[in-house]
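For reference, the chains in residue letters:
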Amino acid sequence: EAALRLSGIEKTYNRGLASEIRVLRGVDLTLMPGEIVALVAPSGAGKSTLLHIAGLLDSADAGSVEICGEPMQGRSDRRRTAVRRDRLGFVYQFHHLLPEFTALENVVLPQLANGVARREADARAQGLLDSVGLAGRAAHRPAELSGGEQQRVAFCRAMANDPQVLLADEPTGNLDPETSDRVFAALLGLVRDTGLAALIATHNLELAARMDRQLRLDAGQLRAI
Ligand code: ADP
Ligand code: ADP
């Protein structure tokens, strides 16, 4: 069963206005468990729009989104939020960690919000941080961590509730090339270990080449590279 399936996704902004822009024109995508797919798109092509629709943060005008076999159209906001929390993980270009909490706490909090007991959440968070080489950084606040370390904590947070689908928008885009490379390797390791499906947007063709499949968003549609 597909972890994520998009069929015929259409999205137009400012419909009926002079500024109308048809961003997605029938996007189809099937992501199987364990598959890591690169999404390559020039700026303005609609990459964020696509990730937001796949991540249930925005709705399409037409087409369907299925997460782990469950069709999302017509679902209540409450159900969409639950699916987002239980099945999806997000990583952004800027880590968006909570500055007043430690690395460990940043990975623990989403688990507490999902009803996981504190002790279990702590253990899982520590395990995730260990797996990306941050064993000794658990008690640091984000400001005490390097950019690459912050982004690795953000990956751990995205994985905290054991999602089936990881969506990442330029996850290493704000790092220098060498750090980006190292951080990306940590991300791939983490994803490969868990067997979840990942859709990772990047401008970096070398990073894209290290994923299982490369797709380009072009004229509102996805094409294999
Ligand atoms: P990307 O992430 O590939 O840079 P986006 O998905 O952010 O592209 O945007 C695609 C196009 O849609 C851009 O031309 C952008 O200006 C436009 N756009 C994005 N969001 C909105 C919005 N809320 N209202 C109007 N236009 C938008
Ligand atoms: P990088 O080489 O990745 O850019 P930095 O030079 O920013 O890393 O930091 C080097 C190490 O020092 C990092 O492991 C980071 O955790 C630690 N560090 C940086 N700033 C602080 C701070 N204000 N307090 C505690 N540790 C810090």
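Residues numbered from 1 in each chain as written. Chains lettered and ligands numbered in written order. Predicted model: local features only at pLDDT ≥ 70, side-chain atom pairs only at ≥ 80, totals over all residues. Heavy atoms only, no water.

Caption draft 1: Spatial organisation of the sheet that holds strand β10 (residues 221–224). Here we have 6 strands laid out as an open sheet, ordered β6-β7-β8-β3-β9-β10, and mixed in their pairing. Each end of this open sheet is capped by a strand with a single partner; those strands are β6 (88–91) and β10. Going from strand to strand, the sheet's axes swing by 20 degrees on average, the running direction of each strand aside. Across 4 bridges, the pairing between strand β3 (residues 36–40) and strand β8 (residues 197–201) is parallel. What sits directly across from Leu-39, in β8, is Ala-201. Along the sheet, helix α1 (residues 47–54) makes contact with β3, β6, β7 (165–169), β8, β9 (213–218) and β10, crossing β7 at roughly 155 degrees. (Pairing = 2+ DSSP bridges. Helix = DSSP H or I, 4+ residues; strand = E, 2+ residues; numbered from the N terminus. Axes fitted to C-alpha atoms, helices over the stretch in contact; angles between N-to-C directions. Contact = heavy atoms within 4.5 Å.)

Caption draft 2: Broad picture of the site of ligand 1. Tyr-13, Asn-14, Ile-21, Val-23, Pro-42, Ser-43, Gly-44, Ala-45, Gly-46, Lys-47, Ser-48 and Thr-49 make up every residue found near ligand 1. Backbone polar atom of Gly-46 to an oxygen atom of ligand 1: 2.8 Å apart, as the coordinates give it. Here ligand 1 loses 60% of its free accessible area of 560 Å² to cover by the protein chains. Secondary-structure elements contributing two or more residues to the shell around ligand 1 are β2 (21–31) and α1. For the shell around ligand 1, a count of residues per class yields 5 nonpolar, 6 polar and 1 charged. (Near = heavy atom within 4 Å. Polar contact = N/O pair within 3.5 Å; in protein donor to acceptor, adjacent residues only side chain to side chain. Areas by Shrake-Rupley, 256 points an atom, 1.4 Å probe, with all protein chains shown as cover. Nonpolar A, V, L, I, M, F, W, Y, C, P; charged D, E, K, R; others polar.)

Caption draft 3: Quick peek at the UniProt feature "domain: ABC transporter" (unreviewed entry) in the chain. Residues annotated in UniProt with the feature "domain: ABC transporter" (unreviewed entry) correspond here to residues 4–225. Along residues 4–225 one finds 36% helix and 26% strand; the C-alpha atoms at either end are 20 Å apart. (UniProt positions renumbered as here; feature names shortened; annotations may be inferred.)

Caption draft 4: Representation of the packing of helix α4 (residues 118–131) against helix α5 (residues 147–159) in the model. Between α4 and α5, the shortest axis-to-axis distance is 9 Å and the interhelical angle comes to 135 degrees. The angle between α4 and α5 places the two elements in the oblique class. As for the relative orientation of α4 and α5, their crossing is right-handed in sense. In contact with Arg-124, Leu-128 and Leu-129 of α4, α5 contributes Val-153, Cys-156 and Met-159. Of the residues belonging to the contact of α4 with α5, the class tally is 5 nonpolar, no polar and 1 charged. (Parallel < 35°, antiparallel > 145°, perpendicular 65-115°, else oblique. Left-handed = near helix turned anticlockwise from the far one by under 90°.)

Caption draft 5: Molecular detail of helix α6 (residues 177–194). Between its first and last C-alpha, α6 extends 26 Å over 18 residues, near the 26 Å set by a 1.5 Å rise per residue. Every buried residue of α6 is accounted for by Thr-179, Ser-180, Val-183, Phe-184, Ala-186, Leu-187, Leu-188, Leu-190 and Val-191. Turning to α6, the residues buried within the fold contact β3, α4, α5, β7, β8 and α7 (205–209). One or two residues past the end of α6 sits Gly-195, with phi positive at roughly 70 degrees. (Expected span 1.5 Å × (residues − 1). Buried < 20%, exposed > 50% of the residue type's maximum accessible area, 1.4 Å probe, protein only.)

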